[in-house]
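Coordinate analysis (summary)
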Amino acid sequence: MNNNLIDQTVLITQADYAKKLRPLLPAESFLPDSNKVWVLLLNLMLLIVGWAIASYLDRWSWQYLWLYLPIAIVMGNSIATLGFSSHGLLHSSVITAPWLRQTFSLLGFAMLWMSPTLWKAVHNREHHNKTNSEQDPDRNYSHSQPNTWGKWLQNIFLPSSEVNPILLVIGLGHIWGMYVFRHLTSILFFNNRAATYPVATFSVSEKDRIAIAGETLAIFGIHLAVLASLHFSPLKILLGYFVPIWIGYAIAIFYILTHHLVCRMTSVNDVLVNTVSIRVPKIFDILHVNFSYHTEHHIFPGMNPDYYPMVQKLLLTHYPERFNLIDADQAWKLLLQTPRHYLDETTFIDWSGTKIVPCPKIGIITTNL
């Protein structure tokens, strides 16, 4: 891996990459793939079966309760996969009918407490158009930003060269929840961009704000129904509700953190500079609908994810000197070797302001996976 300092690369826009690569891809790669709905439905069924089994946990002898852990892991993976599937669905790569897309995405995002309308605003509109810029709500906080509760929580729980290992483990199951709470409250209560605790503020229309509130109430109802199905039993709720959620959130946030937070900031949306694709074992690409191909997704957000490997081959051919492609474990190590705040576009700094580290130039490394 090339650990040289970020150079003064001329930045290229996402639109320019798409314009060059799209003629090299088959037309069917941009058609909606309704078969992806079955991924969502299958994982919903796995969750329902897991909760049905958990409803009988009070009949299990205590020494056998550990046997529920593999079920909780499968459920946790389903929660993350539902999020990945809904993410693709809301980019219109699965269902073209808006009302049907909204319904399925509400079910898919429910266990992640994410309103589909809020997701379209924070992710599709803000993050994709302003990736790792000053206006991106998904970037690292800047050192110059106020030391709010949002910045403080992110500092103590996110992977960095200063993070406490115990808090890091706790954070893996809770960072996603913090992310949702931060954006949800800033939109519902401070839709005039007055909130100081988000990384970057944005606003939505009053119509969308009402939709976000309504979808959040519907999600609350779904969670309440799940808890009722577990008879509000502390044991059943711990093993059948919280443990799968913590596992699912940890899986999802691992991808999210490694995709952007070790990259430099960019004033131009150059997705080969401000985004990372990670290599994972093939089984995870199958389970997680190719979510590891993140740079490819940023170039073609609405593309059928089955074709992302084809895009990656084109990037390796046409942009080998710009493309960030790294093994998942190496991406995680980079997060643990760098501070988690920006001093400027190409420099990281810690909370105290005493440790300054240049953003690493990642590039392409060979894989052992």
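In this text the structure is predicted, and so the values were computed from the model without any measurement.

What follows deals with the overall build of the protein chain. Looking only at helices and strands, the protein chain has 14 helices and 6 strands in total. Relative to a compact globule of 369 residues, whose C-alpha radius of gyration would be 21 Å, the protein chain shows 20 Å and is just as compact. Across its three principal directions, the C-alpha atoms of the protein chain cover 65 × 50 × 50 Å. Sorting the 369 residues of the protein chain into buried and exposed places 54% on the buried side. Within the protein chain, contacts between residues separated by at least 24 positions form 70% of all contacts whose residues are at least 6 apart in sequence. Carbon and sulfur atoms provide 66% of the accessible area of the protein chain, an area that totals close to 16200 Å². When the 25 basic and 23 acidic side-chain charges of the protein chain are each reduced to a single mean position, those positions are 3 Å apart.

Phi is positive for tryptophan 113, which is not a glycine, with a value near 60 degrees. Tracing the sequence through the fold places tryptophan 113 in the loop between helix 4 (98-109) and helix 5 (116-129). A residue is classified by how much of its surface remains accessible, and tryptophan 113, at 30% relative accessible area, is partly exposed. Its identity as a non-glycine residue notwithstanding, phenylalanine 232 has a phi of 55 degrees, on the positive side. Along the polypeptide, phenylalanine 232 turns up in the loop between helix 9 (206-229) and helix 10 (234-260).

Close inspection of predicted coordinates is inappropriate in any region flagged by low pLDDT. Of the residues in the protein chain, 96% reach a pLDDT of 70 or more, and the chain-wide mean stands at 94. Taken as a whole, residues 1-7 scores under 50 in pLDDT and shows 19 contacts with residues more than four places along the chain or in a different chain.

This part takes up the layout of surface pockets. By volume, the largest pocket is sized at about 260 Å³. Forming the boundary of the largest pocket are Asn77, Leu172, Ala250, Ile251, Phe254, Tyr255, Val280, Pro281, Phe284, His288, Ala328 and Trp332. Listed by contribution, the elements that provide at least two residues to the lining of the largest pocket are helix 10 and helix 14 (328-337). Sorting elements by how many residues they give to the lining of the largest pocket places helix 10 first, with 4 residues. Considered class by class, the residues forming the lining of the largest pocket number 10 nonpolar, 2 polar and no charged.

Cut-offs used in this document
Residues numbered from 1 in each chain as written. Predicted model: local features only at pLDDT ≥ 70, side-chain atom pairs only at ≥ 80, totals over all residues. Heavy atoms only, no water. Helix = DSSP H or I, 4+ residues; strand = E, 2+ residues; numbered from the N terminus. Rg over C-alpha atoms; globule rule 2.2 N^0.38 Å. Buried < 20%, exposed > 50% of the residue type's maximum accessible area, 1.4 Å probe, protein only. Contact = heavy atoms within 4.5 Å. Areas by Shrake-Rupley, 256 points an atom, 1.4 Å probe, with all protein chains shown as cover. Lys, Arg positive; Asp, Glu negative; His and termini not counted. Charge placed at Lys NZ, Arg CZ, Asp CG, Glu CD. pLDDT = per-residue confidence, 0-100. 1 Å grid on protein atoms, 1.4 Å probe; cavity = no way out; pocket = protein on both sides within 12 Å on 5 of 7 lines; lining within 4 Å. Points joined across faces, edges and corners; volume = space filled by probe spheres on them. Nonpolar A, V, L, I, M, F, W, Y, C, P; charged D, E, K, R; others polar.

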